[in-house]
Amino acid sequence: MPELPEVEVTRLGVAPHLEGRPVRAVVLRREGLRWPFPAELPQLLAGRTVLSTGRRGKYLLIEFEHGTLIVHLGMSGHLRVLPPDIPADKHDHFDLVVEGPQGREVLRMTDPRRFGAVLWHPNEDGALDEHLLLRGLGVEPLGPAFTGALLYRQTRTRSTAVKQVLMAGDIVVGVGNIYCSESLFRAGINPKTAANRISPARYDRLAQCIREVLAEAIVQGGSTLRDFISVNGQSGYFQQSYFVYDRAGVPCRICGAPVRQIKQGQRSTFYCVNCQK
């Protein structure tokens, strides 16, 4: 599933093609994906101008004067910017047609497994953070509110393993399985450690490692393990820099001990028993 870096790479790719441009048409090729498409979306957006693009966790936000288009890539979705004469394929379910300086362009969503979403939040329904999918999300890991002190303060009553606490999303948002495993490795923290047993100093180190891992992944175009490609059709290559994720049985890049794999909350966790205490 695309995680925060992949969504941010997508946002950075689509922003120059959307921001400040008027929508000429919306094409819906099915009733919906994970949830139904808003049936009135073509009428709501035609003639309206995209003000900006944003991201909240793993959700891409396309903002208009009267509301926000919320896009989630699901497990296999991706967005591409295409010329208007490219015919749609079987799994191309949504088009946003905009007018650019050189003519029309199409933002096309492809989603073979159909776990993605395209939803609309009108301004009259209140603040965007009150949307059902966004309320209760934690702070952004790349924002100023995310600190080791926050992690320490919010985990005093949590005896659950630190990796599962980080991935829950109510303290910090968007730290998914891949980048959580990599961040814990860099911080030298065993993923099975109870969250309330980690010191303030180690949480400071962990917060810094999370920021570094996510920032590096964005620069490298995210991770392409199966389905993810960027807006221009290129694959990410951060997976070439993994220390532990998906490297079970392979020697640790630091100490040479075999990387271990366990299950935590139905997800695979990878770590080095020597480097992560």
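Residues numbered from 1 in each chain as written. Predicted model: local features only at pLDDT ≥ 70, side-chain atom pairs only at ≥ 80, totals over all residues. Heavy atoms only, no water.

Under the definition given, this model contains 5 aromatic pairs. The interplanar angle of 40 degrees and the centroid separation of 6.2 Å between the aromatic rings of F37 and F94 together place this pair among those described as tilted. Within this pair, whereas F37 is found in the loop between β1 (23–28) and α2 (41–45), its partner F94 is found in strand β6 (residues 92–100), the two being separated by 57 residues in sequence. Assessed through its relative accessible area of 7%, F37 is described here as buried. (Phe/Tyr/Trp six-rings, centres within 6.5 Å; stacked < 30°, edge-to-face > 60°. Helix = DSSP H or I, 4+ residues; strand = E, 2+ residues; numbered from the N terminus. Buried < 20%, exposed > 50% of the residue type's maximum accessible area, 1.4 Å probe, protein only.)

To continue, consider the pattern of salt bridges. A full pass over the atoms with the stated rule returns 13 salt bridges. One salt bridge in this structure joins E8 and R11, with 3.0 Å as the shortest N-O distance. One end of the pair, E8, and the other, R11, are both in helix α1 (residues 4–18), 3 residues apart, so they sit about a helical turn from each other. Per residue, the accessibility class of E8 equals that of R11, and both read buried. With a shortest N-O distance of 2.9 Å, E8 and R55 are connected by a salt bridge. Taken as a pair, E8 in helix α1 and R55 in strand β2 (residues 52–56) lie far apart in primary sequence, 47 residues in all. On the basis of relative accessibility, which here comes to 12%, the residue E8 falls in the buried class. Owing to a relative accessible area of 17%, R55 belongs among the buried residues under this scheme. A single network of salt bridges, built from pairs that share partners, joins E8, R11, R55, R56, D129 and E140. (Salt bridge = Lys/Arg side-chain N within 4 Å of Asp/Glu carboxyl O.)

Further remarks concern the sheet that holds strand β4 (residues 67–72). The strand order across the open sheet formed by 4 strands is β2-β3-β4-β8, and the pairing between neighbours is antiparallel. Since the sheet does not close on itself, it has two edges, and those belong to β2 and β8 (117–122), each with one partner. Direction aside, the axes of adjacent strands within the sheet are offset by 25 degrees on average. Direction of pairing for β2 relative to strand β3 (residues 59–64): antiparallel, over a ladder of 5 bridges. In the sheet register, S52 faces β3, and the bridge partner there is E63. Packed onto the sheet, α1 meets β2 and β3 and runs at close to 175 degrees relative to β2. (Pairing = 2+ DSSP bridges. Axes fitted to C-alpha atoms, helices over the stretch in contact; angles between N-to-C directions. Contact = heavy atoms within 4.5 Å.)

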